Amino acid sequence: MGPHPAVAAIRLAVRRVLHDVLHDALVLHDGRTPPPTTPLDIPRDPAREGGADGPLVLVACSGGADSMALASALAFESRKLSVRAGAVTVDHGLQAGSDQRAAEVAARLTAMGLDPVEAVAVKVGRVGGPEAAARDARYAALDAAAERHGAAAVLLGHTRDDQAETVLLGLARGSGTRSLSGMAAVSGAHGRYRRPFLQLDRHTARKACLVQSLPVWDDPHNADPAYTRSRLRHEGLPALEKALGKGVMEALARTAELSRDDADALDAWAAEADPSVRDEAGELLCGKLYALPAAVRRRVLRKALIHAGSPAGSLFARHVEEVDRLITGWRGQRAINLPGRVEARRQGGRLVIRQS
């Protein structure tokens, strides 16, 4: 008999991602594109693809069901492909005994055969609220670990349920198409972060842990109504499913995919248009900006504001809309103050953006 369907599903998802990582490693090493292979039948070549010289893939594991399932699948598939596999667990220090719990998770990961395994303690700040601050600290730790070990990729355990929640949170913020596109399957510098489970639901990951007798830790923050995502998970989405019927999760995840395609196309259009709306000194020309479609113009503006020093995480759609009105609804408005001490004003037919 083969593995339980849930176990088979998580392993196949990870196998597909490892296939991509191996492909990318070969391109980087040889400077050429190797012939295509199928994730179900990847040729093993330890001298080139795996073994001691193969690419290292890390899994970010909190000890929860999603990331433990991911770690187990990586441990299994890496042995078949001779990929080196390791893990990082991040101790946010937000709960009593978190250091001990991180050590226990690290021990379980080591027992799976993952190597290297690290438990990294971080200090969570306050910028952007507790959830955003914890996320920033976690990704900084993962980036540092990947650099330290020379990892080709870091796997994250986000599921289709997480994607649906992210889309709804973006909708609530009114942040536009890019926010509705949710989490990318591949993100970060040089495609460092990979999310194999975006097409799988949370139940599948938990079932895979159960049938493999993997102990999991349920973070109490995930059930704490003080956190926006927790309220959405336990109150908002169940209410939507009750009102609209089953399939809400799948529909939201599909919306993310479609929105990402649209956002990518508009971003490319904006990048191409950017040089054409500037003068010789690089200043933005209001007349030429006005001629652009609104979706393209606002992308040009957002990029210019971030380049001037406005933090992307603090720059919301309403900020960009205020700046956009300097172009489309000019009535002699004063300068607009933006996050990061950035100021935007219209002057002599140009949009001047400066950091004070």
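Let me sum up the structure you'll find in this document. Everything numeric here is computed off the predicted structure, so don't read it as measured data. (Residues numbered from 1 in each chain as written. Predicted model: local features only at pLDDT ≥ 70, side-chain atom pairs only at ≥ 80, totals over all residues. Heavy atoms only, no water.)

Digging into the overall build of the protein chain
Threshold: The way it works is that DSSP assigns letters per residue, a run of H or I at least four long becomes a helix, a run of E at least two long becomes a strand, and they are numbered from the N terminus. Remark: exposure states derive from per-residue accessible area (1.4 Å probe, protein chains only) relative to the maximum for the residue type, with buried under 20%, exposed over 50%, and partly exposed in between. Two residues qualify as a contact provided that any one of their heavy atoms is within 4.5 Å of a heavy atom in the partner residue. For every accessible area listed, the method is Shrake-Rupley and the probe measures 1.4 Å; residues are considered covered only by the protein chains on display.
Helix and strand content of the protein chain: 12 helices and 10 strands. Structurally, the protein chain occupies a C-alpha span of about 70 × 50 × 40 Å along its principal axes. Within the protein chain, buried positions represent 44% of all 356 residues. Long-range pairs, those at least 24 residues apart, make up 67% of the contacts in the protein chain between residues at least 6 apart in sequence. Of the roughly 18500 Å² of accessible surface on the protein chain, a fraction of 54% belongs to carbon and sulfur atoms.

Digging into the packing of helix 2 (residues 65-81) against helix 7 (residues 202-211)
Put simply, the test is: For every element, the axis is a line fit to its C-alpha atoms; helices are fit only across the contacting stretch, and the angle between N-to-C directions ranges from 0 to 180 degrees. Comment on the angle field: the value is read as roughly parallel under 35 degrees, roughly antiparallel over 145, roughly perpendicular from 65 to 115, and oblique elsewhere. With the far helix as reference, a near helix turned anticlockwise by less than a right angle produces a left-handed crossing, and one turned clockwise produces a right-handed crossing. Classification used: nonpolar for Ala, Val, Leu, Ile, Met, Phe, Trp, Tyr, Cys and Pro, charged for Asp, Glu, Lys and Arg, polar for all others including Gly.
Running from N to C, helix 2 and helix 7 point in directions that differ by 60°, and their axes come no closer than 8 Å. Relative to helix 7, helix 2 is oriented oblique. Handedness of the helix 2/helix 7 crossing: left-handed. On helix 7, the residues that touch Ala65, Asp66, Met68 and Ala69 of helix 2 are Arg202, Ala205, Arg206, Ala208 and Cys209. When grouped by side-chain class, the residues that make up the contact of helix 2 with helix 7 number 6 nonpolar, no polar and 3 charged.

Side note on the sheet that holds strand 5 (residues 186-187)
Stated precisely, the cut-off is as follows: Paired strands, in this sense, are two strands between which DSSP finds at least two bridges.
On the basis of which strands lie adjacent, the open sheet formed by 6 strands has the order 3-2-1-4-6-5 and mixed pairing. Strand pairing shows two members of the sheet lacking a second neighbour, strand 3 (117-121) and strand 5, which therefore form its edges. When strand 2 (residues 84-91) meets strand 3, the two strands line up parallel, connected through 5 bridges. Among the inter-strand pairings, Asp91 is bridged to a residue of strand 3, identified as Ala121.

Considerations on the state of the cysteines
The line we're drawing: In this description, the term disulfide denotes a pair of cysteine sulfurs within 2.5 Å.
A full pass over the atoms with the stated rule returns 0 disulfides. No disulfide involves Cys61; its sulfur sits 8.7 Å from that of Cys209, the nearest cysteine. Judged by its relative accessible area of 2%, Cys209 is buried.

Considering the sheet that holds strand 8 (residues 336-338)
Across the sheet, 4 strands lie side by side as 7-10-9-8; this open sheet has antiparallel pairing. The open sheet has two edge strands with one neighbour each: strand 7 (284-285) and strand 8. With 6 bridges joining them, strand 9 (residues 342-347) and strand 10 (residues 350-355) adopt antiparallel strand pairing. Considered in strand 10, the bridge of Arg346 is made with Leu351. Contacts from helix 11 (residues 294-308) reach strand 7, strand 8, strand 9 and strand 10 within the one sheet, and its direction differs from that of strand 10 by about 30°.

So, the packing of aromatic side chains
Defined as follows: Within 6.5 Å between ring centres, the rings of Phe, Tyr and Trp (the latter by its six-membered ring) count as paired, and their orientation is classed by plane angle as stacked under 30 degrees, edge-to-face over 60, tilted in between. Either the NZ atom of lysine or the CZ atom of arginine qualifies as a charge over a ring when it sits within 6 Å of the ring centre and within 35 degrees of the ring normal.
Inspection of every chain in the model, using the stated rule, returns 1 aromatic pair. Considering the side-chain rings of Tyr139 and Tyr193, the 5.2 Å spacing of their centres and the 85° angle between planes classify their relative orientation as edge-to-face. Separated by 54 residues along the polypeptide, Tyr139 in helix 4 (residues 130-149) and Tyr193 in strand 6 (residues 193-194) bring together distant segments of the chain. What makes Tyr193 buried here is its relative accessible area of 4%. One Lys or Arg, Arg11, reaches over the ring of Phe76 and ends 3.6 Å from the middle of that ring.

Here's the deal with the pairing of strand 9
Two faces, one strand: in a regular strand the side chains alternate between the faces of the sheet. Direction of pairing for strand 8 relative to strand 9: antiparallel, over a ladder of 3 bridges. Looking across to strand 9, one finds that Asn337 is bridged to Glu343. Between strand 8 and strand 9, which follow one another and run antiparallel, lie 3 residues, and Gly340 among them has a positive phi close to 80°. Between the end of strand 9 and the start of strand 10, which pair antiparallel, lie 2 residues, with Gly348 showing a positive phi angle near 60°.

Comments concerning the pattern of salt bridges
Heads up, the condition is: By salt bridge we mean one thing: a side-chain nitrogen of Lys or Arg within 4 Å of a carboxyl oxygen of Asp or Glu.
For the structure on display, the rule yields 24 salt bridges. In this structure, the salt-bridge partner of Arg192 is Glu147, at a minimum N-O distance of 2.5 Å. Separated by 45 residues along the polypeptide, Arg192 in the loop between strand 5 and strand 6 and Glu147 in helix 4 bring together distant segments of the chain. When its relative accessible area of 13% is taken as the criterion, Arg192 is described as buried. One salt bridge in this structure joins Arg160 and Asp201, with 3.6 Å as the shortest N-O distance. In this pair, Arg160 sits in helix 5 (residues 160-173) while Asp201 sits in the loop between strand 6 and helix 7, placing the two residues 41 residues apart along the sequence. Each of Asp162, Glu165, Arg202, Arg229 and Arg233 takes part in salt bridges that share partners, so that together they form one network.

Re the side chain of Glu77
How we decide: Here a polar contact is recorded for every N or O atom pair within 3.5 Å, except that within protein the pair must consist of a potential hydrogen donor and a potential acceptor, and residues adjacent in sequence are included only if both atoms are side-chain atoms.
By the element assignment, Glu77 lies in helix 2. What makes Glu77 buried here is its relative accessible area of 1%. There is a polar contact of 3.1 Å between the side chain of Glu77 and the side chain of Arg15. Sequence-distant contacts of Glu77, that is, excluding residues within four places in its chain, are made with Arg11, Val14, Arg15 and Leu18.

Considering the environment of Asp264
Topologically, Asp264 is positioned in helix 9 (residues 248-273). Asp264 sits 87 residues away from Thr177 along the chain, and the two C-alpha atoms are 9.6 Å apart.

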